[in-house]
Structure formats: C-alpha cells, structure tokens
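# Examining the three-dimensional arrangement
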Amino acid sequence: MKRLKGVKKENIWNIPNSLSIARIIIAFIVIYMIFAEVDIIPIVVLFTIGMITDFFDGQIARNFNQKTEFGRKIDIIADRVLLIGTMIAFVVEFSIRDMITPLKMLEIALVMTREIFSLPFALLLILSKKEIPNVRFAGKLTTFAQGVSIPIILLGIIFNFWFSIYFAIATSIIGLVSAIDFMKDSLRATQK
C-alpha cells in the first residue's frame, strides 16, 4: 500500500485511543440505560466512569508519548457523544415522563454552553485534514466541571436538589471561556 507523500503514519492502537473508544461505548450504554428506565445511580456511576476516561486518555498520551492526530479527533468525538448524547437522552426521556422542570432544563443548557457554541467548530476540525489545536486549561477545566455538574443535576432531578443551579452557572461561565478559546484556535487551524 502506497503512503501519501508528507503524511506521517501513526500508530493509533494505543491505550489513550482505546480509552476514547471505550468512552463512546460507555455513552451508548448510558443512553440505553436512560431509555430503559434503569435506576439513576448506576447511570450516574457509569457516566462518571466515562468522564474519568477522558482524564486518563490525555494523561497517558502525554506522559507516555502516545499522542496521535487520530487520538485528538476521537477524543473530541468521544467527549461530544458522551456529553451531548447523555443530555439529549435525559431531556427526551424525562420530558416524556414529565419529570423535568424548566429550571433543570436551564441547568442542562448552562452546563452544555461549551458544546452549544463549539460543536460546529469541532465538526469542522474533525472533517478537515487540519491538525487539532492543543487543549487549553479552560477546556480541561470545563470537562472537569461538566463531569461534576452533570451527575449533580441528574441526581437533582430525582432527589430534588436545589443547589445544582450553582454548579450549572459556574460550569457555564468556564464553558463559555473554553468555547471562545476553542473557536479562535479552530479558526486559526483551518486558515493554515
């Protein structure tokens, strides 16, 4: 098989990429569990495990020199599938069961601020042949905040927590900063 000139061959079969792929699988299991009306605790636990894989895939890739362009793209896809897929499934299922209040809908929208604003740019990068920009601190902080806020919001739907709005607002502010950074970096990357 002939290699394209100037294209560096990557070894995509590594632990970080496997963790990203596992996150996609976890996302589909979480979505299934939501529609199957499984108890909220196992759903939250599995979602949290999926979010933890996002931390470890990046750490392993950096510390063991296993960074690949495929890994950067699959990581973006895995994050969006887990976050957006879970939130859409919850909104649909809990709306059908008439269990979600307008305040909880607002909290979900706030937590998803980064995804709402940056999704078109993420899709543009994934589909392009351009290099994915490095993740900034605000992006990592947003993912961590979402990993904390989303379980609290989901548990709040069942157990009627009132304080989840504060987590949603904080995540929204961090997410907006992250989205702006991501949009700027994406535009720079596509213009190279």
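Residues numbered from 1 in each chain as written. Predicted model: local features only at pLDDT ≥ 70, side-chain atom pairs only at ≥ 80, totals over all residues. Heavy atoms only, no water.

## What about the pattern of salt bridges?
Counted by the stated rule, this structure contains 12 salt bridges. The salt bridge partner of arginine 23 is aspartate 79, with a shortest N-O separation of 3.1 Å. Here aspartate 79 lies in helix H3 (residues 69-96) and arginine 23 lies in helix H1 (residues 15-35), a separation of 56 residues in the sequence. Aspartate 79 carries the same exposure label as arginine 23, and that label is buried. Salt-bridge contacts for arginine 136 lead to aspartate 185; the nearest nitrogen and oxygen are separated by 2.8 Å. Taken as a pair, arginine 136 in the loop between helix H5 (113-127) and helix H6 (137-159) and aspartate 185 in helix H7 (residues 164-191) lie far apart in primary sequence, 49 residues in all. Overall, arginine 136 belongs to the partly exposed group, its relative accessible area being 35%. With relative accessibility at 12%, the residue aspartate 185 sits in the buried group. By sharing partners, the salt bridges in this structure join Arg23, Asp54, Asp57, Asp75 and Asp79 into a single network. (Salt bridge = Lys/Arg side-chain N within 4 Å of Asp/Glu carboxyl O. Helix = DSSP H or I, 4+ residues; strand = E, 2+ residues; numbered from the N terminus. Buried < 20%, exposed > 50% of the residue type's maximum accessible area, 1.4 Å probe, protein only.)

## Remarks on the side chain of aspartate 54
Mapped onto the elements, aspartate 54 comes out in helix H2 (residues 40-63). Only 3.3 Å separates the side chain of aspartate 54 from the side chain of arginine 23, close enough to count as a polar contact. Every residue in contact with aspartate 54, bar those within four places of it in the chain, is listed here: Arg23, Asp75, Asp79 and Thr143. (Polar contact = N/O pair within 3.5 Å; in protein donor to acceptor, adjacent residues only side chain to side chain. Contact = heavy atoms within 4.5 Å.)

## What about the nonpolar core?
Val30, Ile40, Phe47, Phe90, Met112, Ile150 and Leu154 are the most contacted members of the largest nonpolar core, which totals 30 residues. Residue assignment for this core shows that the elements contributing at least two residues are H1, H2, H3, helix H4 (102-111), H6 and H7. Within the second largest apolar cluster, 6 residues are counted, among which are Ile76, Leu125, Ile132 and Ala189. (Core = buried A, V, L, I, M, F, W, Y, C linked by side-chain atoms within 4.5 Å.)

## Details of the packing of aromatic side chains
Taken as a whole, this structure holds 7 aromatic pairs when the rule is applied. Relative to phenylalanine 163, the ring of phenylalanine 161 lies with its centre 5.1 Å away and its plane at 20°, an arrangement referred to as stacked. Phenylalanine 163 sits in the partly exposed class, given a relative accessible area of 31%. When the ring of tryptophan 162 is compared with that of phenylalanine 163, the centres are 5.8 Å apart and the planes differ by 90°; the resulting orientation is edge-to-face. Grouped by ring-pair contacts, the aromatic residues Phe159, Phe161, Trp162, Phe163, Tyr166 and Phe167 constitute a single cluster. Seen from the ring of phenylalanine 182, arginine 80 lies directly overhead, with NZ or CZ sitting 5.8 Å from the centre. (Phe/Tyr/Trp six-rings, centres within 6.5 Å; stacked < 30°, edge-to-face > 60°. Lys NZ or Arg CZ within 6 Å of the ring centre and 35° of its normal.)

## Description of H1
When the terminal C-alpha atoms of H1 are compared, their 30 Å separation across 21 residues agrees well with the 30 Å that a helix rising 1.5 Å per residue should span. The opening residue of H1 is asparagine 14, an N-cap whose side-chain oxygen sits 2.9 Å from the backbone nitrogen of asparagine 17. (Expected span 1.5 Å × (residues − 1).)

## Concerning the layout of surface pockets
In this structure, the largest pocket spans a volume of roughly 1,000 Å³. Along the walls of the largest pocket sit 39 residues, with Asp54, Arg62, Asp75, Val135 and Lys140 positioned nearest its centre. Mapped by element, the contributors of at least two residues to the lining of the largest pocket are H1, H2, H3, H6 and H7. Of the residues forming the lining of the largest pocket, the biggest block, 10 residues, is contributed by H2. (1 Å grid on protein atoms, 1.4 Å probe; cavity = no way out; pocket = protein on both sides within 12 Å on 5 of 7 lines; lining within 4 Å. Points joined across faces, edges and corners; volume = space filled by probe spheres on them.)

## Here's the deal with the confidence of the model for the protein chain
Mean pLDDT over the protein chain works out to 90, with 96% of the residues at or above the 70 mark. Mean pLDDT in the protein chain bottoms out at H5, which sits at 87, and peaks at H1, which reaches 97. Per-residue pLDDT stays below 50 along residues 1-7; that stretch engages in 1 contact with residues further than four places along the chain or on separate chains. (pLDDT = per-residue confidence, 0-100.)

## Quick look at the packing of H2 against H3
At a closest axis distance of 10 Å, the pairing of H2 and H3 adopts a crossing angle of 165°. When the axis of H2 is compared with that of H3, the two are roughly antiparallel. You can see that H2 and H3 cross each other, and the crossing is left-handed. Residues Ile40, Ile43, Phe47, Gly50, Met51, Asp54 and Asp57 of H2 form the contact with H3, whose participating residues are Asp75, Asp79, Leu82, Leu83, Thr86, Phe90 and Phe94. Class assignment of the residues belonging to the contact of H2 with H3 gives a composition of 8 nonpolar, 2 polar and 4 charged. (Axes fitted to C-alpha atoms, helices over the stretch in contact; angles between N-to-C directions. Parallel < 35°, antiparallel > 145°, perpendicular 65-115°, else oblique. Left-handed = near helix turned anticlockwise from the far one by under 90°. Nonpolar A, V, L, I, M, F, W, Y, C, P; charged D, E, K, R; others polar.)

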